[in-house]
Amino acid sequence: MIKGLVLKSTGSWYEILTENNERINARLKGVLRLEDTKDTNPVAVGDKVILQKEDDGQDWMIAAVEERENYIIRSSPKHKGARQVIAANIDQCLLIATIDAPRTSTGFIDRFLMATEGFRIPVIIVFNKQDLLDQKGLKKQEFTANLYSSIGYKTIFTSATEKQGITELEALLKDKTTLIFGHSGVGKSSLMNAIDSNLQLKTNTLSRFSNRGMHTTTFAEMYLLENGDRIIDTPGVREFGHYNISPEEVSHYFVEMRERLNACKFNNCTHSYEPDCAVKAAWMNHEISDERYKSYLNIYEEIKAHYKHWEQK
Ligand SMILES: Nc1nc2c(ncn2[C@@H]2O[C@H](COP(=O)(O)OP(=O)(O)OP(=O)(O)O)[C@@H](O)[C@H]2O)c(=O)[nH]1
Ligand SMILES: [Mg+2]
Ligand SMILES: [Zn+2]
């Protein structure tokens, strides 16, 4: 038996880097496949696994998955409780956001941040495709970046095509395992290519992102850069849901709310109609932005409606 690190998962087989530095393909042992789990994928990129030879003595299979330090999970609005583990054991995330082509909404950013806040995984918000912005777009970019830098998230500005901000981005990856995430077409693979030209990842060949349904990257995959840094490229997602979080818990995943929760009069405060609410008071004092407070209420209502819907079934 040897240990390995999952570099890629296609659902039916896994690409693994073994402790002997060999790249092998392995399948999942039957019992793991059948295990009672809500996850659509029991093994994800970044997982540390134990490998064993199949009965034929030839092929490898994954016999066990080591406990995860952390993971990014996304749940499906269609199937109650079905969850997809995007990656495990990561040091930080780059959330690639674009103001235009395609537009990344603050609601999408907030939902992604909820996925990382549970484990306190650091997130850097990267505003890519700067080169496409006019004065108005640049203003909007600055405003949006401010919403997040003011609550402690690092923000940087890049252009993969014009090679702007790439050195800064590269420095942030040093000695880390970084997950790169965002809508399809924001330039995730392009940024990785700009950082390391040896990668030559497939990118959308259209000069300007137009087709919303297009996904150029189809599976999450970890790449080992020459300098030892690791980056996980992921396929773009359209939506990000959290249906495993109860409505009352939502504010625990908003950093600027989390630190104020103890000051609310009621410990199950939903920060909407209750008296003596520290979150609402902070919002009224402009210490919490309109955008984030509104976003909180939207997500709270969405999750509440979802819970009701399933309770009635
Ligand atoms: N103008 C401009 N175009 C960019 C920039 N970064 C990427 N693009 C273009 O945007 C398109 C999409 O880039 P990709 O790197 O394939 O996007 P992706 O995020 O990997 O998309 P998926 O793999 O589908 O999730 C390509 O045509 C890139 O050339 C940028 O900074 N500026
Ligand atoms: Mg891609
Ligand atoms: Zn409150």
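Definitions and limits used
- Residues numbered from 1 in each chain as written.
- Chains lettered and ligands numbered in written order.
- Predicted model: local features only at pLDDT ≥ 70, side-chain atom pairs only at ≥ 80, totals over all residues.
- Heavy atoms only, no water.
- Donors = N, O, S within 2.8 Å, 3.2 Å for Na, K, Ca; no water.
- Helix = DSSP H or I, 4+ residues; strand = E, 2+ residues; numbered from the N terminus.
- Buried < 20%, exposed > 50% of the residue type's maximum accessible area, 1.4 Å probe, protein only.
- Tetrahedral: all angles 85-135°; square planar, octahedral: opposite > 155°, others 65-115°.
- Pairing = 2+ DSSP bridges.

Enquirer: So what exactly am I meant to see when it comes to the coordination of the magnesium ion (ligand 2) here?
Expert: In a perfect tetrahedron of four donors around a metal, the angles come out at 109.5 degrees. In a perfect octahedron of six, they are 90 or 180 degrees. Only Ser189 (OG) and Thr217 (OG1) from the protein coordinate the magnesium ion (ligand 2), and they sit 2.0 to 2.2 Å from it. Within this pair, whereas Ser189 is found in helix H5 (residues 188–195), its partner Thr217 is found in the loop between H5 and strand E12 (221–224), the two being separated by 28 residues in sequence. Using a relative accessible area of 16% as the deciding quantity, one classes Thr217 as buried.

Enquirer: Honestly, the coordination of the zinc ion (ligand 3) in this entry has me stumped. Any pointers?
Expert: Taken together, the protein ligands of the zinc ion (ligand 3) are Cys264 (SG), Cys269 (SG), His271 (ND1) and Cys277 (SG), with distances of 2.1 to 2.3 Å. Coordination geometry of the zinc ion (ligand 3): the four donor atoms subtend angles of 103 to 117° at the metal centre, consistent with an arrangement described as tetrahedral. Summarised as a motif, the one-chain spacing of the donors to the zinc ion (ligand 3) is C-x4-C-x1-H-x5-C. Its relative accessible area of 4% is what places Cys269 among the buried residues.

Enquirer: Honestly, the pairing of strand E11 (residues 177–181) in this entry has me stumped. Any pointers?
Expert: Put simply, side chains in a regular strand alternate between the two faces of the sheet. Within E11, five of the five residues are buried, which leaves the element mostly enclosed by the surrounding structure. In this structure, strand E8 (residues 92–97) lies alongside E11, joined through four bridges in parallel fashion. Across the sheet, residue Cys93 finds its bridge partner in E11, namely Leu179. Bridging between E11 and strand E13 (residues 230–233) involves three bridges; their strand directions are parallel. Paired with Thr178 across the strands is Ile231, a residue of E13.

Enquirer: What exactly am I supposed to notice about the pairing of strand E2 (residues 14–18) here?
Expert: Most of E2 sits out of view: five of its five residues are buried. What you see with E2 is no split at all: Tyr14, Ile16 and Thr18 on one side and Glu15 and Leu17 on the other are buried throughout. Judged from the five bridges that link them, strand E1 (residues 2–9) and E2 form a sheet pairing that is antiparallel. Counterpart to Val6 in the pairing with E2 is Ile16. From the end of E1 to the start of E2, which pair antiparallel, there are four residues, and Gly11 there has a positive phi angle of about 100°. Here E2 runs beside strand E3 (residues 23–28); their pairing, made up of four bridges, is antiparallel. Following the sheet pairing, Tyr14 is matched in E3 by Ala26. Taking the residues between adjacent antiparallel strands as the criterion, E2 and E3 are bridged by four residues, where Asn21 takes a positive phi near 70°.

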